[in-house]
Amino acid sequence: MKKLILALALLAPLTAFAAGGGAIHPNDPANIDTGNEAALQRGANHFVSYCLNCHSMQYERWQRMEEFGVPEDLLKSNLMHAGAKKGDLLKVAMARGDAANWFGAPPPDLTLEARLRGSDWIYNYMRAFYVDESRPFGVNNTVFDNVGMPHVLWEQQGMQKAVYTEEDDGHGGTHKVFAGFEKVSEGSMTDVEYDAMIRDLVTFMTYMAEPTKAKSHRTGIMVLLFLALLLVFSYMLKKEYWKDVH
Ligand code: HEC
């Protein structure tokens, strides 16, 4: 009991942080399934096309993608940099110093991002860029204020602005409350299509952050099935042994 109380006491500041860490908008669940191979393949493709120019995933190798069904020839012809080998890490060509100069902050490595921030966070972040002329790239982000990243998927999503309403704060003043996004220009995708694209991207990033997790899940289910079967047989065996005893 003492241990439990101690554990709760230690966790309390964490939950307070999660609840009070500023309003995050939007705050939708990503609803990903890291067992969905088609989603993983699409996500890998998006990541290589749109993210790997700036962000590395340098604690993972290209061959990891074979685990979710990317055939070797496709991996080589479509995804890998020219001249790369399957065993190479997912690095970027840009020097970190250059990147820091261009963006104010270097684009961080994203291998473990899904574990660091959580899949839902990334899902919402990628949908939360909005027009803000005061920023170097003309965009800001409601999930990551003053982020150094440009809205790289603006052609797909289009551009949106953040709408705020003034609300009485109960002390004679007002404060701004986020009311939602409003489209200022259309992208090539509908919102539903764009969300699906981001979901695939996040599925891929989540898999890469913890590649063994999907496998452990499957193993766990097999173990439970095996135990259930064992229970049935044990019960039958018990009946068999005891039937002559009474
Ligand atoms: C043009 C370069 C560039 C491209 C392309 C790019 N990013 Fe970024 N990204 C950045 C920079 C710079 C930052 C760091 C921002 C900061 O710290 O202010 C960043 C930050 C991030 C973060 C937050 C990291 C953190 O601090 O936790 C995520 C998540 C992210 N990017 C995801 C993506 C994804 C997914 C893609 C592909 C769709 C992508 N980025 C494409 C430059 C880029």
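How each quantity is defined
Residues numbered from 1 in each chain as written. Predicted model: local features only at pLDDT ≥ 70, side-chain atom pairs only at ≥ 80, totals over all residues. Heavy atoms only, no water. Helix = DSSP H or I, 4+ residues; strand = E, 2+ residues; numbered from the N terminus. Rg over C-alpha atoms; globule rule 2.2 N^0.38 Å. Buried < 20%, exposed > 50% of the residue type's maximum accessible area, 1.4 Å probe, protein only. Contact = heavy atoms within 4.5 Å. Areas by Shrake-Rupley, 256 points an atom, 1.4 Å probe, with all protein chains shown as cover. Lys, Arg positive; Asp, Glu negative; His and termini not counted. Charge placed at Lys NZ, Arg CZ, Asp CG, Glu CD. Near = heavy atom within 4 Å. Polar contact = N/O pair within 3.5 Å; in protein donor to acceptor, adjacent residues only side chain to side chain. Donors = N, O, S within 2.8 Å, 3.2 Å for Na, K, Ca; no water. Tetrahedral: all angles 85-135°; square planar, octahedral: opposite > 155°, others 65-115°. UniProt positions renumbered as here; feature names shortened; annotations may be inferred. Core = buried A, V, L, I, M, F, W, Y, C linked by side-chain atoms within 4.5 Å. Phe/Tyr/Trp six-rings, centres within 6.5 Å; stacked < 30°, edge-to-face > 60°. Expected span 1.5 Å × (residues − 1). Domains from an automatic or database assignment. Patch = residues over 30% accessible without salt bridge, like charges linked within 9 Å, V, L, I, M, F, W, Y side chains within 5 Å. Salt bridge = Lys/Arg side-chain N within 4 Å of Asp/Glu carboxyl O. Axes fitted to C-alpha atoms, helices over the stretch in contact; angles between N-to-C directions. Parallel < 35°, antiparallel > 145°, perpendicular 65-115°, else oblique. Nonpolar A, V, L, I, M, F, W, Y, C, P; charged D, E, K, R; others polar.

1. What about the overall build of the chain?
When its secondary structure is counted, the chain shows nine helices and six strands. In terms of overall size, the chain is more extended than a compact globule, its C-alpha atoms giving a radius of gyration of 24 Å where 246 residues would be expected to give roughly 18 Å. Among the 246 residues that make up the chain, the fraction classed as buried is 32%. Partitioning the contacts of the chain with sequence separation of at least 6, the portion at a separation of at least 24 is 63%. Accessible area for the chain stands at about 15700 Å²; split by element, carbon and sulfur atoms hold 59% of it. For the chain, the centre of its 24 positive side-chain charges and the centre of its 30 negative side-chain charges are spaced 11 Å apart.

2. Quick look at the environment of valine 184
Locating valine 184 in the fold gives a position in strand S6 (residues 174-186). The partly exposed category is assigned to valine 184, whose relative accessible area is 47%. Each C-alpha atom, one on valine 184 and one on tyrosine 130, is 9.5 Å from the other, the two residues being 54 residues apart in sequence. For valine 184, the contacting residues outside a window of four places in its chain are Val131, Met159, Gln160 and Lys161.

3. Things to note about the site of the ligand
Near the ligand lie 22 residues; those nearest to it are Cys51, Cys54, His55, Glu113 and Met149. Take histidine 55: an N or O atom from its side chain is 2.7 Å from a nitrogen atom of the ligand. Glycine 148 is positioned such that a nitrogen or oxygen atom in its backbone is 2.8 Å from an oxygen atom of the ligand. For the shell around the ligand, the elements supplying multiple residues, two or more each, are helix H5 (113-117) and helix H8 (191-209).

4. Observations concerning the coordination of the iron atom of the ligand
Within the first shell, the iron atom of the ligand binds the protein through His55 (NE2) and Met149 (SD), at distances of 1.9 to 2.1 Å. In this structure, the iron atom of the ligand is surrounded by six donor atoms whose angles at the metal cover 88 to 179°, and the resulting shape is octahedral. Highlighted residues: histidine 55 in the loop between helix H2 (37-50) and strand S1 (57-61) and methionine 149 in the loop between strand S4 (139-141) and helix H7 (154-157), separated in sequence by 94 residues.

5. Overview of the UniProt feature "transmembrane region" (unreviewed entry) in the chain
In the numbering used here, UniProt assigns the "transmembrane region" (unreviewed entry) feature to residues 219-237. Helix makes up 100% of residues 219-237 and strand 0%, and the two end C-alpha atoms of the span are 27 Å apart.

6. What about the nonpolar core?
Across soluble globular proteins, nonpolar side chains show a tendency to be buried alongside one another. By size, the foremost hydrophobic cluster in this structure holds 43 residues, and its most contacted members are Phe47, Trp62, Met65, Phe68, Tyr125, Ile198 and Phe204. At ten residues, H8 tops the list of elements feeding residues into this core. Aside from chain neighbours lying at most four places away, what touches phenylalanine 68 is Glu37, Leu40, Gln41, Ala44, Phe204 and Tyr207.

7. Section: the packing of aromatic side chains
One pass over the structure, following the stated rule, counts eleven aromatic pairs. For the ring pair phenylalanine 47 and phenylalanine 204, a centre distance of 5.6 Å and an interplane angle of 50° mean the geometry is tilted. Residue phenylalanine 47 is found in helix H2, and its partner phenylalanine 204 is found in helix H8; the two are separated by 157 residues along the sequence. According to the relative accessible area criterion, phenylalanine 47 is buried, its value standing at 0%.

8. Here's the deal with H2
Here H2 is 14 residues long and its end C-alpha atoms lie 20 Å apart, about the 20 Å a rise of 1.5 Å per residue gives. Every buried residue of H2 is accounted for by Ala39, Leu40, Gly43, Ala44, His46, Phe47 and Val48. Contacts made by the buried residues of H2 are with S1, helix H3 (72-79) and H8. One side-chain oxygen of the residue at the start of H2 lies 3.2 Å from the amide nitrogen of alanine 38, identifying that residue as asparagine 36.

9. Some remarks on the domain arrangement of the chain
Each assigned domain of the chain is listed with its residue range as follows: domain 1 (27-209) and domain 2 (219-246). On a C-alpha basis, the centroid separation for the pair domain 1 and domain 2 is 49 Å.

10. A few points about a nonpolar patch on the surface
A grouping of Val223, Leu224, Phe226, Leu227 and Leu230 is seen on the molecular surface, where their side chains present a nonpolar patch of about 490 Å² in accessible area. By secondary structure assignment, the location of valine 223 is in helix H9 (residues 211-242).

11. What about the packing of H2 against H8?
For the pair H2 and H8, the least separation of the axes is 7 Å and the interaxial angle reads 95°. Comparing their axes, H8 and H2 come out roughly perpendicular. Packed against H2, whose contacting residues are Ala39, Leu40, Arg42, Gly43, Ala44, His46, Phe47 and Tyr50, the element H8 presents Met197, Asp200, Leu201, Thr203, Phe204, Met205 and Tyr207 at the interface. Within the contact of H2 with H8, the residues separate by chemical class into ten nonpolar, three polar and two charged.

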